[in-house]
Amino acid sequence: MTPKQLQETLDSLRNLTSENEIVEFKEAKNNYDFTKLGKYFSALSNEANLCGQPHGWLVFGVEDKRHNIVGTTYRSNRSDLDKLKGEIANKTTNRISFINIHEVNTSEGRVLMFQIPAAPTGFPIAFDGHYYARDGEELVPLNLEKIERIRAQATNEDWSAAIVPDATIEDLDEDAIALARKNFKSKFPDKAEDVDNWDDITFLNKIKVTSKCKITRTALILLGKDESEHLLNPADVKIRWQLVDEKNDDIDYDIFGLPLILSVEKVYAKIRNIKYRYMQEGTIFPAEVSQYEPFSIREAINNCIAHQDYTKNARINVIEMPDKLVFTNHGSFIPGNVEKVVIDDAPEEFYRNRFLATAMFNLKMVDTAGGGIKRIFNFQRARFFPLPDYDLSEEKVKVSLSGKILDMEYARLLAQNKDLTLEEIMMLDKVQKKYALNNNEEKHLKDKKLIEGRRPNFFIGLKVAQKTGQKADYTKNKGFDKQYYLDLIVKAVTEHEEVSRKDVDELLWSKLSDWMSEKQKKTKVNHLLTELRKDNLIRNNGTFGKPKWILR
């Protein structure tokens, strides 16, 4: 928006006789509670969806009765304001955040206009696991009726179930139908004899690929001839495989189209699933495994097909790197939370492409019983490899599957601690990847003495280190008591009469905790020198920029 458009929008909002379900004014003169801000984000997003509006507004610096501008200093630094987008995304369904945060400087004071997107079709937005709404001007939990009204949007329109009027059975591929028959008989062996007696259209009706003998978009996606792709325009129903090197430069690529039931195997055949070797604990013989479990590759590709938002007119991507695979499909992650899917191990209640997902289940392509993703996690766990990474930003689902051990310490930990739950392993996986833990995860791992250290630099705990033979690593991570460092500095000053900051850094650097960054080590040394100076043990005989520390 241009400054003029922003001013006009602000004026129109202020001219409302009162707040409504999609507009909220707050004075927020100096600060505002983050949790309450998040609740308003959820409420305004859900209400915008129900009102059929593209977005809602939360306005800071305007009082809520007369709508007079009072000004706000909330996050006056623009970079701090922009960080709020990520902070909100970390707590919301599908990592949805502000469309934009607009600053309007008026003669009466600074105004912030938070532009909040409407909840996506069929999916209410939660903040920190809870759904919110507006009841007039009041912030309230999103009631069941409103939840069902939003969720019904997804079930009312299933793109994959639509009939394609110009399509006939002649647009379907014979080899694809033959594979579909084979898969169906494998999935339902008790019906194998009946399948052999069904003609093609009867079979397609039975497996719910066609609808009353008419060709659906699902039928074309899974079984359509390559030359029939125009019948799905403007959807671009293709899978692009790309091979890249360590520098992310392209080495090779290929594109596979209809029928996708055959293309899955073609993409799988392209992936170089080489052997990976690593030394097992307590033996001189290396373990040898394939980089990727075949099930995991096929499941990831088939999930992309089942959950792709084909109205985005985009392709599915499979990127093969030297040590990992990345699978990307367009459309938000409907369950909203990967941990919930894996830990609850329950089937989803809503699907973007329900008709397509049902057909793929019947053809043994996906597991709608809710166990497919969890099986991938368990295959990675059994290899001691990092667990799958899910990036749910930018209205895409991006799954990264590692093909090697990332951190041998954690491989040993998993090997020696068979009683760890999958939920605990998911928490520890965050630690090895240097991802942030939430408060509950941090408390749980510390209570079980699995980790030590300070946020965000955690490391494995003493009990685990002793059990897995990592005592030296533990000591390097733990570091020494503060008094040890203080005594060391005083001893150096006493022996040499004068030491520079460079001398102090060289003295302490290798002795500080391994988990510390360069910046954190610098800060630690600053604090130690400051403490000794305040205790009148040393003083600076040089300049601020080039200190020379001597005894008092």
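For the structure itself, consult the block above.
The sections below set out a description of the structure shown in this document. The residue numbers shown here count from 1 along each chain, following its written sequence. Thresholds applied to this predicted model are a pLDDT of at least 70 for local features of residues and 80 or more for the giving and counting of side-chain atom pairs; totals over whole chains, interfaces and linings are not thresholded and use all residues. Hydrogens and water molecules were not included; the side-chain quantities draw on all heavy atoms of the structure.

**Describing the overall build of the protein**
By definition, any uninterrupted DSSP run of H or I lasting at least four residues is a helix, any uninterrupted run of E lasting at least two residues is a strand, and each is numbered from the N terminus. Counting its secondary structure elements, the protein contains 21 helices and 20 strands. By principal-axis analysis of the C-alpha atoms, the protein measures approximately 100 × 80 × 40 Å. Residue contacts are counted whenever heavy atoms from the two residues lie within 4.5 Å of one another. Long-range pairs, those at least 24 residues apart, make up 62% of the contacts in the protein between residues at least 6 apart in sequence. Surface exposure of the protein reaches about 27,800 Å², of which carbon and sulfur atoms provide 47%. Surface accessibility in these figures is a Shrake-Rupley result with a 1.4 Å probe; residues are shielded only by whichever protein chains are displayed.

**Description of helix α2 (residues 34–50)**
To estimate the expected span of a helix, subtract one from its residue number and multiply by 1.5 Å. With 17 residues, α2 should reach 24 Å at 1.5 Å per residue; the first-to-last C-alpha distance of 25 Å fits that figure. Where α2 starts, the residue carrying a side-chain oxygen 3.3 Å from the main-chain nitrogen of T35 turns out to be D33. Positive backbone phi, approximately 70°, marks G52, located one or two places after α2. In protein, a polar contact means a hydrogen-donor-capable atom and an acceptor-capable atom, both N or O and within 3.5 Å, with residues adjacent in sequence counting only if both atoms are side-chain atoms; elsewhere, any N or O pair within 3.5 Å suffices.

**Concerning the sheet that holds strand β14 (residues 389–391)**
Think of it this way: DSSP has to see at least two bridges between two strands before they count as a pair. As summarised here, the arrangement of the six strands in space is β9-β8-β12-β13-β15-β14, forming an open sheet in which the pairing is mixed. The open sheet has two edge strands with one neighbour each: β9 (250–256) and β14. Averaged over all adjacent pairs, the angle separating strand axes in this sheet is 15°, with direction ignored. Sheet topology note: the strand β13 (residues 324–330)/strand β15 (residues 396–402) ladder contains seven bridges and is antiparallel. Considered in β15, the bridge of N329 is made with V397. Here the axes come from fitting lines to C-alpha atoms, over the contacting stretch only for helices, and the angles between their N-to-C directions go from 0 to 180 degrees.

**Notes on the packing of aromatic side chains**
Stacked, tilted and edge-to-face are the three classes applied to pairs of Phe, Tyr and Trp rings, where Trp contributes its six-membered ring and a pair requires centres within 6.5 Å; stacked means planes under 30 degrees apart, edge-to-face means over 60, and tilted covers the rest. Tallied over the entire structure, the rule returns 13 aromatic pairs. Centre to centre, the rings of F41 and F98 are 5.2 Å apart; their planes meet at 85°, and the pair counts as edge-to-face. With F41 in helix α2 and F98 in the loop between α3 (78–89) and β3 (100–106), this residue pair connects regions lying 57 residues apart in the sequence. Think of it in three bands: residues with accessible area under 20% of the maximum for their type are buried, residues over 50% are exposed, and the middle band is partly exposed, with areas taken using a 1.4 Å probe on protein chains only. Look at F98 and you get buried, because its relative accessible area is 6%. Taken together, a centroid distance of 5.2 Å and an interplanar angle of 15° make the contact between W159 and Y310 stacked. Separated by 151 residues along the polypeptide, W159 in the loop between α4 (144–156) and α5 (174–187) and Y310 in the loop between α10 (294–307) and β12 (316–320) bring together distant segments of the chain. Considered together, W159 and Y310 belong to a single accessibility category, that of buried residues. The rings of Y32, F41, F60, Y74, F98 and F114 are connected pair by pair, giving a single aromatic cluster. Put simply, a charge is over a ring when the Lys NZ or the Arg CZ is close to the ring centre, within 6 Å, and near the line of the ring normal, within 35 degrees. Across the ring face of F203, the terminal group of R181 is positioned such that the distance to the ring centre comes to 4.8 Å.

**Side note on the pairing of strand β6 (residues 130–135)**
Pairing of strand β5 (residues 126–127) with β6 involves two bridges; the strand directions are antiparallel. Looking at the pairing, A126 lines up with Y131 of β6. Adjacent in sequence and paired antiparallel, β5 and β6 are bridged by two residues, among which D128 carries a positive phi angle near 55°. Direction of pairing for β6 relative to strand β7 (residues 138–141): antiparallel, over a ladder of four bridges. Bridge pairing in β7 places A133 opposite V140. The turn joining β6 and β7, which pair antiparallel and follow one another in sequence, is formed by two residues; a positive phi near 70° is taken by G136.

**Here we look at the pairing of β12**
A one-sided burial pattern is seen for β12, the buried positions being I316, V318 and E320 and the unburied ones N317 and I319. In the sheet, β12 pairs with β13 via four bridges, with the strands oriented antiparallel. What sits directly across from I319, in β13, is V326. Between β12 and β13, which follow one another and run antiparallel, lie three residues.

**So, the side chain of R352**
On the secondary structure map, R352 appears in the loop between α11 (338–344) and α12 (354–362). From its side chain, R352 meets the backbone oxygen of H307 in a polar contact 2.7 Å long.

**So, the pattern of salt bridges**
Think of a salt bridge as a Lys or Arg side-chain nitrogen and an Asp or Glu carboxyl oxygen that are within 4 Å of each other. According to the stated counting rule, one finds 28 salt bridges in the structure shown. One salt bridge in this structure joins E145 and R149, with 2.9 Å as the shortest N-O distance. With E145 and R149 both in helix α4 and four residues apart, this pair spans about one turn of that helix. The exposure class assigned to R149 is partly exposed, which follows from its relative accessible area of 39%. A salt bridge links D505 to R501; the nearest nitrogen and oxygen atoms lie 2.8 Å apart.

**Some words on the nonpolar core**
Core analysis: the biggest nonpolar cluster contains 55 residues, and I221, L222, L223 and I305 have the highest contact counts within it. Here this core takes six residues from α10, the largest share from any one element. If near-sequence neighbours (up to four positions away) are discounted, L223 is found in contact with L172, D173, A176, I177, A180, L204, V209, P259 and I261. Each nonpolar core is a collection of buried residues, namely Ala, Val, Leu, Ile, Met, Phe, Trp, Tyr and Cys, held together in the definition by side-chain atoms within 4.5 Å. If you look at the next biggest cluster of nonpolar residues, it comprises 25 residues, including F377, L414, L437 and L445.

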